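The chain contents come next:
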Amino acid sequence: MTFRESFSLKKNTVKIVLLFLGLIINSCNTLKRVEDDELLLVKNNINASGEKVTDENVKSLISQKPNSTLLGYPLGLNIYNLAKENPDSTYQAWLYKNPKRENRLRKLISQKQLDSLGESFFAKGLNNWLKKTGQAPVIIDTSKTRKSIDRVKAYYGNRGYFNARGSYKIDSTNKKQRATITYDIDLGQAFIIDSTFRKIASPAIDSIYKKTINNSFIAPKSQFDLNNLTNERERLTDLFRNNGIYNFQESSIFYNIISDTALVANDQKLNVELNINNLKKRGDTTKLEYKVYTFNKVNIYADHLYADINTPLDSVVYNGYTIFYKEKLKYKPKALTDAIFLEKDSIYRDLNRLRTYRQISNLNNFKYPNIEIIPDTLNNTLESNIYLAARDKYSFNFETDITHSIIQFAGISFTPGLSIRNVFGGAENLSISARASLGASRDATIQDDRFFNVQEYGGDINLDFPRFWFPFVNTKKIIPYYMVPQTRLSLGTSFQQNIGLDKQTFNSILGYNWTPKTETKHTIELLNIQYVKNVNIDRFFNVYRNSFNRLNAIARQDIYLNNADLSDLYEDPDNDGTIRLSIPKGTTGFTETILSGDVTSTSVDFEEVRSIEERRERLSQNNLIFASNYTFTKTNKTSLTDNSFHQFKFKVESAGNFLSLISNFIPFNKDESGNQLVFSVPYSQYIKTEFDYVKHWEVSPSKVI
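Because the structure is a prediction, the values reported are computed rather than measured. (Residues numbered from 1 in each chain as written. Predicted model: local features only at pLDDT ≥ 70, side-chain atom pairs only at ≥ 80, totals over all residues. Heavy atoms only, no water.)

1. Some words on the overall build of the chain
Scanning the chain for helices and strands turns up 18 helices and 31 strands. With 705 residues in all, the chain has 36% of them scored as buried. A fraction of 61% describes how many contacts in the chain between residues 6 or more apart in sequence connect residues 24 or more apart. Of the roughly 42600 Å² of accessible surface on the chain, a fraction of 53% belongs to carbon and sulfur atoms. (Helix = DSSP H or I, 4+ residues; strand = E, 2+ residues; numbered from the N terminus. Buried < 20%, exposed > 50% of the residue type's maximum accessible area, 1.4 Å probe, protein only. Contact = heavy atoms within 4.5 Å. Areas by Shrake-Rupley, 256 points an atom, 1.4 Å probe, with all protein chains shown as cover.)

2. Some words on empty space enclosed by the protein
Inspection of the entire model under this criterion finds one cavity of 30 Å³ or more. Quantified by volume, the largest cavity comes out at close to 40 Å³. Looking at the largest cavity, the residues that line it are Ala-335, Asp-338, Ala-339, Gln-359, Leu-363, Pro-466, Arg-467 and Tyr-481. (1 Å grid on protein atoms, 1.4 Å probe; cavity = no way out; pocket = protein on both sides within 12 Å on 5 of 7 lines; lining within 4 Å. Points joined across faces, edges and corners; volume = space filled by probe spheres on them.)

3. Let's talk about the sheet that holds strand E14 (residues 381–387)
What links the strands of a sheet is backbone hydrogen bonding, and the strands pair in either a parallel or an antiparallel sense. What the five strands build is an open sheet, ordered E11-E12-E10-E14-E13; its pairing is mixed. The two strands at the open ends of the sheet, each matched to only one other strand, are strand E11 (314–318) and strand E13 (370–376). On average, each strand axis in the sheet is tilted by 20 degrees relative to the strand beside it, whichever way the strands run. Here seven bridges tie E13 to E14, and the two strands are oriented antiparallel to one another. Note that in E14 the partner of Ile-371 across the bridge is Ile-386. (Pairing = 2+ DSSP bridges. Axes fitted to C-alpha atoms, helices over the stretch in contact; angles between N-to-C directions.)

4. Observations concerning the environment of Asn-362
For Asn-362, the location among the structural elements is in helix H12 (residues 350–362). Asn-362 sits in the partly exposed class, given a relative accessible area of 27%. In this structure, the C-alpha to C-alpha distance between Asn-362 and Val-484, residues 122 residues apart in sequence, is 7.3 Å.

5. Description of the pattern of salt bridges
Taken as a whole and judged by the stated rule, the model has 19 salt bridges. When the shortest N-O distance is used, the salt bridge between Asp-460 and Arg-435 registers 2.5 Å. Of this pair, Asp-460 sits in strand E18 (residues 454–465) while Arg-435 sits in strand E17 (residues 429–440), and the two are 25 residues apart along the sequence. On the accessibility criterion, Arg-435 (30% relative accessible area) is partly exposed. Residues Arg-610 and Glu-607 are paired through a salt bridge, measuring 2.6 Å at the closest nitrogen-oxygen approach. Separated by three residues within a single helix, Arg-610 and Glu-607 lie in helix H17 (residues 603–620), roughly one turn from each other. Each of Arg-198, Asp-206 and Lys-210 takes part in a single network of salt bridges with overlapping partners. (Salt bridge = Lys/Arg side-chain N within 4 Å of Asp/Glu carboxyl O.)

6. Some points on the pairing of strand E19 (residues 486–497)
Relative to E19, E18 runs antiparallel, the two sharing 11 bridges. Following the sheet pairing, Glu-456 is matched in E19 by Gln-496. Where E19 lies against strand E20 (residues 503–517), 10 bridges are found, and the strand directions are antiparallel. Paired with Thr-487 across the bridge in E20 is Tyr-512. What sits between the antiparallel neighbours E19 and E20 is a turn of five residues, in which Asn-498 has the positive phi angle 65 degrees.

7. So, the packing of helix H9 (residues 203–211) against helix H10 (residues 226–241)
Running from N to C, H9 and H10 point in directions that differ by 110 degrees, and their axes come no closer than 11 Å. What the angle tells us is that H9 and H10 run roughly perpendicular. The two elements H9 and H10 meet at a crossing, and its hand is right-handed. Note on element contacts: H10 touches H9 through Glu-232, Arg-235, Leu-236, Leu-239 and Phe-240, opposite Ile-205, Ile-208 and Tyr-209. (Parallel < 35°, antiparallel > 145°, perpendicular 65-115°, else oblique. Left-handed = near helix turned anticlockwise from the far one by under 90°.)

8. Re the sheet that holds strand E21 (residues 520–534)
With antiparallel pairing, the 10 strands of this open sheet are ordered in space as E15-E16-E17-E18-E19-E20-E21-E24-E25-E29. The open sheet terminates on both sides in strands that have one partner only, identified here as strand E15 (394–403) and strand E29 (686–695). Averaged over all neighbouring strand pairs, the angle between strand axes comes to 15 degrees, with direction disregarded.

9. Observations regarding a positive patch on the surface
Taken together, the side chains of Lys-65, Lys-144, Lys-147 and Arg-151 make up a positively charged region of the molecular surface. For Lys-147, a relative accessible area of 47% puts it in the partly exposed group. (Patch = residues over 30% accessible without salt bridge, like charges linked within 9 Å, V, L, I, M, F, W, Y side chains within 5 Å. Lys, Arg positive; Asp, Glu negative; His and termini not counted. Charge placed at Lys NZ, Arg CZ, Asp CG, Glu CD.)

10. Some details on the layout of surface pockets
Empty space within the largest pocket amounts to approximately 970 Å³. Lining the largest pocket are 30 residues, with Lys-65, Pro-66, Asn-67, Ser-68 and Lys-703 sitting closest to its centre. Where the lining of the largest pocket is concerned, the elements lending two or more residues are strand E1 (40–48), helix H2 (56–59) and strand E30 (698–700). For the lining of the largest pocket, the class distribution of residues is 13 nonpolar, 10 polar and seven charged. (Nonpolar A, V, L, I, M, F, W, Y, C, P; charged D, E, K, R; others polar.)

11. As for the pairing of strand E24 (residues 623–635)
Judged from the 11 bridges that link them, E21 and E24 form a sheet pairing that is antiparallel. Paired with Val-532 across the bridge in E24 is Asn-623. Bridge count for E24 against strand E25 (residues 646–655) is nine bridges, and the pairing is antiparallel. Bridge pairing in E25 links Ala-627 to Ala-655.

12. A short note on the side chain of Asn-275
For Asn-275, the location among the structural elements is in strand E7 (residues 269–276). Looking at Asn-275, its side chain comes within polar contact range of the side chain of Glu-273, at 3.3 Å. Contact partners of Asn-275, with chain neighbours within four places excluded, come to Lys-199, Ser-252, Ile-253, Phe-254, Tyr-255 and Asn-256. (Polar contact = N/O pair within 3.5 Å; in protein donor to acceptor, adjacent residues only side chain to side chain.)

13. Side note on unusual backbone geometry
Pro-584 follows Ile-583 through a cis peptide bond whose omega is 5 degrees. Residue position: Pro-584 is located in the loop between strand E23 (580–581) and helix H16 (585–596). Backbone geometry places Ala-427, a non-glycine residue, at a positive phi of 65 degrees. With respect to the helices, strands and loops of the structure, Ala-427 is situated in the loop between strand E16 (410–421) and E17. Owing to a relative accessible area of 3%, Ala-427 belongs among the buried residues under this scheme.

14. Here's the deal with the confidence of the model for the chain
Within the chain, residue pLDDT values average 85, and 87% of them lie at 70 or more. Of the regions scoring below 50 in pLDDT, residues 1–9 engages in two contacts with residues more than four places distant in sequence or in other chains. Throughout residues 14–19 the model reports pLDDT below 50, and contacts reaching past four residues in sequence, or to other chains, amount to zero contacts. (pLDDT = per-residue confidence, 0-100.)

15. Description of the packing of helix H14 (residues 545–555) against H17
When two helices pack together, their arrangement is captured by the angle between the axes and the distance separating the axes. Here H14 crosses H17 at 150 degrees, and the two axes come no closer than 10 Å. Accordingly, the angle class assigned to the pair H14 and H17 is roughly antiparallel. Relative to H17, the crossing made by H14 is left-handed. The segment H14 lies against H17, with Ser-547, Arg-550, Leu-551 and Ile-554 engaging Asp-605, Glu-608, Val-609, Ser-611, Ile-612 and Arg-615.

16. Section: the packing of aromatic side chains
Applying the stated rule across the entire model yields 26 aromatic pairs. Note on Tyr-331 and Phe-366: the rings are 4.9 Å apart at their centroids and 40 degrees apart in plane angle, and the pair reads as tilted. Note that Tyr-331 is positioned in the loop between strand E12 (321–325) and helix H11 (333–337) and Phe-366 in the loop between H12 and E13, a separation of 35 residues in sequence. Seen in terms of ring centroids, Phe-409 and Phe-451 are 5.9 Å apart; in terms of plane orientation they differ by 80 degrees. Their pairing is edge-to-face. One end of the pair, Phe-409, is in the loop between E15 and E16; the other, Phe-451, is in the loop between E17 and E18, with 42 residues separating them in the sequence. Three or more aromatic residues joined by ring pairs form one cluster here, namely Tyr-246, Tyr-293, Phe-295 and Tyr-348. Positioned above the aromatic ring of Tyr-482, the side-chain terminus of Arg-355 is 3.6 Å from the ring centre. (Phe/Tyr/Trp six-rings, centres within 6.5 Å; stacked < 30°, edge-to-face > 60°. Lys NZ or Arg CZ within 6 Å of the ring centre and 35° of its normal.)

Structural data, given as structure tokens:
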């Protein structure tokens, strides 16, 4: 690029920047869209009984909020101000300002096209985009302010402040056409629950309620809060539906709030009566008394495609379950019944129904199941039909990626995979995957003329069991199936070519995981064995150039360079008189000669060479990691909309300590340094822990820290 071109580019850049700044300055008048008789809202203050309110739930009830800012600057408002109020008239003024302009345009385009210019992006579309992207000024509307007062009063009224009063004040004394609204709420005295009563129609419901009355959210002498009534209704619904009342409806619960003084301000006491009616059928005036139901039959349709066909199905009875199937049962009965928690002669529990859905889905052998409950109201019994739709036994997937990085300017990878379900008839899943990665690198250390001169190949085999596989131990009593236990066996290998020292790795894992609650998970890898073999250690000094430069700098000193015994260790690869150690013959020979003392060296050179050699041995040594680890994960997130929660993860891993223990009984071979060897490889030994804690705070419905 010439100086003239460079100067022109800088000049144009300055013009663009100045134009942009001009637009910003032009829009910086935040009152541009505020009329003389209007006030721009800049701040809201909320006080409850003289104290500042910081509760975001209360703030969200205010209808009008100030325009948002970025570091104190109202960016959204000023973007909005860039838009023209009437882009149609602006276009017409431009078109007819010059009488010849319209005629020239008519010669180039049709009348229809000329009219459409007024609707184009630059004439109108840009304006619409600016308005949509920006924020219109928030003009104080007293009707919305009064509405906000009513909403805040209702909020506190639901928490027992029935006599709350509210007012607001608009302050515009400090800045022209800008104002702050201060909301003042006089809460008064909160109402207290004096006593509680209950009126329950069903004896069965009343018996269940009595057992957990101490867990009630509604307690005498506590402040009245409508949320507590809602929480109690939800608690009772869960309680009854998990204690045999399969058809309980939350609408059967209602409250009577009683006050002898009709809410007179001098008497702030209330009586709360809990009412639970019997079940009212739709379209029927009669009511059905709630009773405890038990299962008298649980049927499993192993393939629901045949469940509705009027053809006889074969069946087998196993542990109280009747399993129906067509021609041949593809699953072991135990594999099916272990995933179902609705049991014959047991009472209905909603929790067991949810656990059944969860465990069947976890098997990854069936689509989402259908659970049908058929009641017998005369005998208070239930019949359950569980319909299972099997997934395809075989499924194939294929992935490919194209990459670009500093290491390789072009790369492509292929990852085919095969999944086989129900391998042994117990809902076990086998997955086989392979991967191939080809890359093109310009690394000068790679002596490979092919375009794809960087390669990596590998494959993995995973076998998952939907239960704990542990010989001679009945783990069901320790970790029930509703905790979704899983055992995983994994084997894998990979090979790298022209990547570092060309590693070949082997790994195998025997692991377990289970989820006792939705918010907690445990993972144990009883065996995690990794073996890494460096295939091409002669490339060490090609890869680790810093170590080579240090060693070569020593070797190029006259004391060694002029030594006839070392002459065959050097080369001049570029034929330009630049002598250096050859790789690997020169680097290996020079290191051995110095460390053996065959050539006299200074103490400084000796220590430096020894340091380089120790690093080479450490980085080129094959590795064996024989580890076990445990991971605990917990979160208190209750739903997808819960934005205030924390996550905690703890992991502890131990490697080599078990091998070190058994070495006291089984003698291992040792290398020259005294390190114990397994399969002729020294094994790693360590203990490490990891802690991970993440906290989320909801500062507003749309903002989370």
